[in-house]
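Structure assessment
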Amino acid sequence: MASERRRLERLVLRGSRRDWLRYLAEVTALVTAVAGGAGGAGQDAGPAALLAGEVVLDHHRMLIGLPGTGYARTAGDRAALEGAVRTLRANSRTGSSR
């Protein structure tokens, strides 16, 4: 956890737009994998994946206010993340692991 916090801090303070978009894509892939039941993460990963998904989805949506094509380029990731967050929310209400 501490190493990820340091990694993210370096990214925010010294990273490029490309680095940031790559990070968003990476987290999106992890969240969608957990929502889809892949990777053997188990249901313990669900709450963390939901939180990460909600936070990263907000960052995806904020791209609309920035200059450039970031918002349009990430439309597919944003749609996948929205679906994953819906699935994870539903699973958290039902206690389902999938």
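Provided above is the structure to which this section pertains.
Cut-offs used in this document
- Residue positions are counted from 1 within each chain, in the order its sequence is given.
- For this predicted model, a pLDDT threshold of at least 70 governs which residues receive local features, and a threshold of 80 or more governs which side-chain atom pairs are given and counted, while totals over whole chains, interfaces and linings are taken from all residues.
- Side-chain metrics rest on all non-hydrogen atoms present in the structure, leaving aside hydrogens and water.
- Inter-axis angles, ranging from 0 to 180 degrees, are taken between N-to-C directions of lines fitted to C-alpha atoms, where helices are fitted over the stretch in contact.
- Where helices and strands are cited, they refer to DSSP runs of H or I of at least four residues and of E of at least two residues respectively, numbered from the N terminus.
- Should the near helix be turned anticlockwise from the far one by less than a right angle, the crossing is left-handed, and should it be turned clockwise, the crossing is right-handed.
- The criterion used for residue contact is that any of the two residues' heavy atoms lie within 4.5 Å.
- Under this grouping Gly is polar, as are all residues other than the nonpolar Ala, Val, Leu, Ile, Met, Phe, Trp, Tyr, Cys and Pro and the charged Asp, Glu, Lys and Arg.
- A cavity here means a set of points on a 1 Å grid, drawn over the protein atoms and nothing else, where a 1.4 Å probe fits but cannot get out; a pocket is an open set with protein on both sides within 12 Å along at least five of seven lines, and a residue lines either one if it has an atom within 4 Å of a point.
- Grid points are joined across faces, edges and corners, and a volume is the space filled by probe spheres set on the points.
- By nonpolar core we mean a set of buried residues, namely Ala, Val, Leu, Ile, Met, Phe, Trp, Tyr and Cys, connected to one another through side-chain atoms within 4.5 Å.
- Burial here depends on accessible area, computed with a 1.4 Å probe over protein chains only, as a share of the maximum for the residue type. Under 20% is buried, over 50% is exposed, and the range in between is partly exposed.
- For this analysis, a salt bridge means a side-chain nitrogen from Lys or Arg found within 4 Å of a carboxyl oxygen belonging to Asp or Glu.
- Pairing of N or O atoms within 3.5 Å defines a polar contact, subject to two protein rules: one partner must be a possible hydrogen donor and the other a possible acceptor, and residues neighboring in sequence count only if both atoms are side-chain atoms.

Here we take up the packing of helix α2 (residues 17-35) against helix α3 (residues 45-62). Helix packing geometry: the angle between the two helix axes and the distance between the axes. Two elements in contact, α2 and α3, have axes whose closest approach is 9 Å; the angle formed by their N-to-C orientations is 145°. The two elements α2 and α3 meet at a crossing, and its hand is left-handed. Contacts between α2 and α3 pair Trp 20, Leu 24, Val 27, Thr 28, Val 31 and Val 34 from the former with Ala 45, Gly 46, Ala 49, Ala 52, Gly 53, Val 56, His 59 and His 60 from the latter. Of the residues that constitute the contact of α2 with α3, the class distribution is nine nonpolar, five polar and no charged.

Attention shifts here to the layout of surface pockets. In this structure, the largest pocket encloses a volume near 640 Å³. Around the largest pocket, the lining is made up of 25 residues, and of these Glu 4, Tyr 23, Val 27, Ala 48 and Ala 52 lie nearest the centre. Mapped onto the lining of the largest pocket, the elements with two or more residues apiece are α1 (2-14), α2 and α3. The biggest single contributor to the lining of the largest pocket is α2, with nine residues. In terms of residue class, the lining of the largest pocket is built from 18 nonpolar, two polar and five charged.

Grouped together as the largest cluster of nonpolar side chains are 19 residues, with contacts concentrated most on Leu 24, Val 31 and Leu 88. Every element with two or more residues in this core is listed here: α2, α3 and α5 (75-94). With eight residues, the top contributor of residues to this core is α2. Discounting residues that sit within four places of it in the chain, Val 31 has contacts with Ala 49, Ala 52, Gly 53, Leu 81, Ala 84 and Leu 88.

All right, on to the pattern of salt bridges then. By the definition in use, this model includes five salt bridges. Glu 26 serves as the salt-bridge partner of Arg 7, at 2.7 Å between the closest nitrogen and oxygen. Of this pair, Arg 7 sits in helix α1 while Glu 26 sits in helix α2, and the two are 19 residues apart along the sequence. According to the relative accessible area criterion, Arg 7 is partly exposed, its value standing at 30%.

Turning our attention to the side chain of His 60. The topology assignment puts His 60 in helix α3. On the accessibility criterion, His 60 (0% relative accessible area) is buried. Among the polar contacts listed, one links the side chain of His 60 to the side chain of Thr 28, at a separation of 3.3 Å. When neighbours within four sequence positions are excluded, His 60 is seen to be in contact with Leu 24, Thr 28, Tyr 71, Thr 74, Asp 77, Arg 78 and Leu 81.

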